[in-house]
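# Chain and residue survey
Given next are the chains, with one letter for each unit.
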Amino acid sequence: MLEIIENLMKFIYTHKKVRELIYYFIISTAGFLLFVFVLLNINIGVQKSNLSLLFNSQTYYYLFNIYQREIAIFLIIEQIILLSFIYYQNHKLNQHIKNSKKDELQVIHIKDLSKLWIEEESIILNDPLKQSLKRKYQPLAHTKNEDLLSIAHFKNDNIILFLEKSIKPYLNILESEELKAIVKLLHILEDNSKVPSVVPNKNDPNATYGFGHLKNIVEPLTLDGKTRFDIFYTISLLDHTLEVARNTIDTIENNKNFKKKDILAQAIISALAHDIGKIEKYKMQDKSKDFIALKEQPHHVISNIILYDSFKTLPNLDQIAKAVINHHSGAIAKEDVLLKLLVDCDKQTREKEIHSYLVKYNAFEINKAVTFRKNIFTQLQTLEEKNNYSLLIIKSKDEQLKSTAIKELIQDESIINFSNEDNKLIMLIQEKSKNKIMANILTPIISFCAEEGIFIKTILISLQDIEYLDKTYMKNIIKELFDHIQNKETNFIHYADYKKIKHSKISISDNSTTEESKTHSEDKSSKSKEIITQIKDKLQTKTAQENQEKILQLKTDESAEEGFDIQNIEKLLLDKLKNKINTIEYYGTKNEINSISHKNFVLFKKSCLIKILGELIGGDSESLDRKVNFLIKYYKNHQDEDKRLVWFVNTDSGFYESLFYIYENGEKEVFSCIPFEAELAFNLDSYELEKIKEKSDLKKYNIGKYRGEKNATK
């Protein structure tokens, strides 16, 4: 279509008579329409006439019956005037040429004229410096690509800048069909300029950023609970795509291993097309396909369909489409240079977008960049000096209030960590800053709620008043405090004050107690002590017997374990296990799961551990099985918490595997495994595990808690 327009314009501008004919027709038509409009005003009045009547056939039929003579006279006069004007213009031009003096024109033979550039060329060839400068600064020849770019009109400033800075310097490398594809993709993006760069579709890979049910699984990236998906949703598809394309061009330009002529065009088109399936409106060339019906599919699949539907003449279409459809697959072969380039540049762009967002909005965790926050209750157990910290908890069902509190509180640097769960805002704060936070932020919020009748309850816990920082213990204290002030007029309580109240209730004694009752109490107390002493003796005897039985049991179970030097192979073992995360081992028509991720754990099959250990130290299957048992017990009961890699395996009772349910297509089976804590063992958080799983063959599987039902198959 662009070539037809281009050729038509060239034809018009190179033929003078055609231009004159077009001008004559336009002016003549415009004059006639103006005359008809005047007649209408005269006949029906100015108020009733309008321009739409000029395009109604009944109008002309009506006017011809009334003003047939007047219309004929107007047309004759109009044509005479127009033809006279054209004749006058031509005559004036010819007269000017005839009156030109002949001595002003000089005939120069082409042979003599050629000396001008022959001599210049010989000088340049003889001067190496001039020759190199000419090659460096020689302007691009006027090609078809430049003509094509000149008629590709865009309104978006970002696209115009992209064409000027990133495409024009490479017009001599790009083929005509490749440039047409680039222009077409940019037009599609401009038509969908308001579309976000992520798709709110549970079936799309973008969902792993924190959309739908995964929002509760993926750790938030910011203090106010925003996930990667929330951040990427604020960035347009157009801006993201252009940035990926720029990064791609810069990478090729700065890497000498890339040959621009071989890969540049494919890389640019792949970058512009990789997310084109996220657009909201598009007209398919294949009429049998409905674009709206495709929207349930992942965006990279839709991108692939669009490429084959509307870019059939594109050179290297198969290579480009392959890179586009696989850019979320996870696995990249060494020979897939184009795919690796696209994935790397897309990833770099996403990281840059997150960084820019966090820097722009100072209410978020700028210092932590793209790292995820630890769970507050997990962080409590790692505090070195608990006396330096306090917990501030606000309970309210008013979402607007909580949002206001978040905006106020998270800007304070003394807020160490923050979470929003079960209608409670939980903050870990510096002890030295608690008075400032209470006075400047919390007190005004409580006062406002009291005036407006908004339900709010707040508690403050200084960690120096807490004996244990265990998660269950802390949650029980928080529940106890809120239960205490639930139906009271007060909206705030300090845990230290609550302890005093509670202690005073327990220790209150009756001052009117008689000497007789005191004596009775003393006697009763002495009897109680005797009973307690007897019970203790019995318990000690029973405990000694049980311990002896346990020792005997352990001695018996030692035959199930075989010790070896774990520390010597630990790094290699964990590296190999990391490569087996969310993978399946295929044996002909059969297959077996090596491991599957669940929350922040990786559930490994024992057979996978035995196989990897065999690769590292060798040995027969029975010996390896005993060594794996030893390894499981070693990591389950390690004294160092950072080395306690295995969880949920009751090794003290002689068990070396844990049971879960694994679900596929509504069917469940018992899954025996060894759960490894992913962050300690492999430096992977729950978000990264979910991302790996989504790209694997295990994405359709789910894990559930084992409840001991007998109707499940193992």
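Small disclaimer: the values here were computed from a predicted structure and weren't measured.

## Quick word on the packing of helix H8 (residues 157-167) against helix H9 (residues 176-191)
The description of two helices packed together rests on the angle between their axes and the distance between the axes. The interhelical angle for the contact between H8 and H9, taken along N-to-C directions, is 155 degrees, at an axis separation of 11 Å. One way to sum up the angle between H8 and H9 is to call them roughly antiparallel. Crossing of H8 over H9 shows right-handed handedness. Taking contact as the criterion, the partners of Ile159, Phe162, Leu163 and Ile167 in H8 are, on H9, Leu179, Ile182, Leu186 and Glu190.

## Things to note about the nonpolar core
Of all hydrophobic cores here, the largest spans 59 residues; its most connected members are Ile167, Leu186 and Leu272. Where this core is concerned, the elements lending two or more residues are helix H7 (144-150), H8, H9, helix H11 (237-254), helix H12 (260-273), helix H13 (299-310), helix H14 (317-325) and helix H15 (337-360). The leading source of residues in this core is H12, at nine residues. Ile566, Leu574, Val646 and Ala678 belong to the second largest nonpolar core, which has 30 residues in total.

## Digging into the packing of aromatic side chains
All told, the structure shown has 16 aromatic pairs when counted by the stated rule. Centre to centre, the rings of tryptophan 647 and phenylalanine 648 are 6.1 Å apart; their planes meet at 55 degrees, and the pair counts as tilted. Its relative accessible area of 37% is what places tryptophan 647 among the partly exposed residues. For phenylalanine 648, a relative accessible area of 45% corresponds to the partly exposed category. Every member of this aromatic cluster is reached through a ring pair, and the members are Phe211, Phe229 and Tyr233. The ring of phenylalanine 311 is capped by lysine 184, whose NZ or CZ atom sits 5.1 Å from the centre of that ring. The ring of phenylalanine 671 carries lysine 605 above its face, with NZ or CZ at 5.1 Å from the centroid.

## Points about the sheet that holds strand E9 (residues 658-664)
Ordered by their spatial adjacency, six strands build an open sheet running E6-E7-E8-E10-E9-E11, and the pairing between neighbours is antiparallel. Two strands close off the open sheet at either side, each with one partner strand: strand E6 (583-587) and strand E11 (702-705). Each neighbouring strand pair of the sheet contributes to a mean axis angle of 40 degrees, computed without reference to strand direction. As defined by bridge partners, strand E7 (residues 590-598) adjoins strand E8 (residues 601-604) across four bridges and the pair is classed as antiparallel. Note on E8: the bridge partner recorded for serine 595 is phenylalanine 604.

## Section: the layout of surface pockets
When its volume is computed, the second largest pocket comes out at roughly 610 Å³. In terms of lining residues, the second largest pocket is bounded by 22 residues, among which Leu2, Lys180, Lys184, Ser310 and Phe311 are the most central. Contributing elements (two or more residues each) for the lining of the second largest pocket: helix H1 (2-14) and H9. Ranked by residues supplied to the lining of the second largest pocket, first place goes to H9 with eight residues. Residues of the lining of the second largest pocket, tallied by class, amount to ten nonpolar, five polar and seven charged.

## Considering the sheet that holds strand E4 (residues 457-462)
Strand order across the open sheet formed by five strands is E2-E3-E1-E4-E5, with mixed pairing between neighbours. The strands lining the two open edges of the sheet, one partner per strand, are strand E2 (415-421) and strand E5 (492-494). Averaged over all neighbouring strand pairs, the angle between strand axes comes to 15 degrees, with direction disregarded. Of the strand pairs in this sheet, E2 and strand E3 (residues 424-430) are connected by six bridges, and their pairing is antiparallel. Across the sheet, residue asparagine 417 finds its bridge partner in E3, namely leucine 428.

## Structural notes on the environment of lysine 278
With respect to the secondary-structure elements, lysine 278 resides in the loop between H12 and H13. The exposure class of lysine 278 is buried, given its relative accessible area of 4%. Engagement of the side chain of lysine 278 in a polar contact is seen with the backbone oxygen of serine 197, the distance being 2.5 Å.

## Some remarks on helix H22 (residues 566-579)
Here H22 contains 14 residues, and its C-alpha end-to-end distance of 19 Å stays within 8% of the 20 Å for a straight helix at 1.5 Å per residue. Taken as a whole, H22 carries its principal kink of about 30 degrees at leucine 572. For H22, every residue scored as buried is listed here: Ile566, Ile569, Glu570, Leu573, Leu574 and Leu577. The inward-facing, buried residues of H22 abut E8, helix H23 (606-617), helix H24 (621-636), strand E10 (667-677) and helix H25 (678-682).

## Details of the pattern of salt bridges
Enumeration over the complete set of coordinates arrives at 20 salt bridges. In this structure, the salt-bridge partner of lysine 571 is aspartate 575, at a minimum N-O distance of 3.3 Å. With lysine 571 and aspartate 575 both in helix H22 and four residues apart, the pair spans about one turn of that helix. Each of Glu243, Arg246 and Lys352 takes part in one network of salt bridges that share partners.

## Digging into the pairing of E9
Looking down a regular strand, the side chains alternate between one sheet face and the other. Strand direction decides the pairing type here: E9 and E10, joined by seven bridges, are antiparallel. Considered in E10, the bridge of tyrosine 663 is made with lysine 668. A loop of two residues connects E9 with E10, the two strands running antiparallel in sequence, and asparagine 665 in this loop sits at a positive phi of about 55 degrees. Summarising the sheet, E9 and E11 pair through four bridges and their orientation is antiparallel.

## Topic: a nonpolar patch on the surface
A cluster of nonpolar side chains, contributed by Ile22, Tyr23, Phe25, Ile26 and Ile27, occupies part of the molecular surface with about 520 Å² of accessible area. Its location among the elements puts isoleucine 22 in helix H2 (residues 16-44). You can call isoleucine 22 partly exposed: its relative accessible area is 32%.

The rules behind these values
Residues numbered from 1 in each chain as written. Predicted model: local features only at pLDDT ≥ 70, side-chain atom pairs only at ≥ 80, totals over all residues. Heavy atoms only, no water. Axes fitted to C-alpha atoms, helices over the stretch in contact; angles between N-to-C directions. Helix = DSSP H or I, 4+ residues; strand = E, 2+ residues; numbered from the N terminus. Parallel < 35°, antiparallel > 145°, perpendicular 65-115°, else oblique. Left-handed = near helix turned anticlockwise from the far one by under 90°. Contact = heavy atoms within 4.5 Å. Core = buried A, V, L, I, M, F, W, Y, C linked by side-chain atoms within 4.5 Å. Buried < 20%, exposed > 50% of the residue type's maximum accessible area, 1.4 Å probe, protein only. Phe/Tyr/Trp six-rings, centres within 6.5 Å; stacked < 30°, edge-to-face > 60°. Lys NZ or Arg CZ within 6 Å of the ring centre and 35° of its normal. Pairing = 2+ DSSP bridges. 1 Å grid on protein atoms, 1.4 Å probe; cavity = no way out; pocket = protein on both sides within 12 Å on 5 of 7 lines; lining within 4 Å. Points joined across faces, edges and corners; volume = space filled by probe spheres on them. Nonpolar A, V, L, I, M, F, W, Y, C, P; charged D, E, K, R; others polar. Polar contact = N/O pair within 3.5 Å; in protein donor to acceptor, adjacent residues only side chain to side chain. Expected span 1.5 Å × (residues − 1). Bend = angle between axes of the 7 residues up to and from the residue. Salt bridge = Lys/Arg side-chain N within 4 Å of Asp/Glu carboxyl O. Patch = residues over 30% accessible without salt bridge, like charges linked within 9 Å, V, L, I, M, F, W, Y side chains within 5 Å. Areas by Shrake-Rupley, 256 points an atom, 1.4 Å probe, with all protein chains shown as cover.

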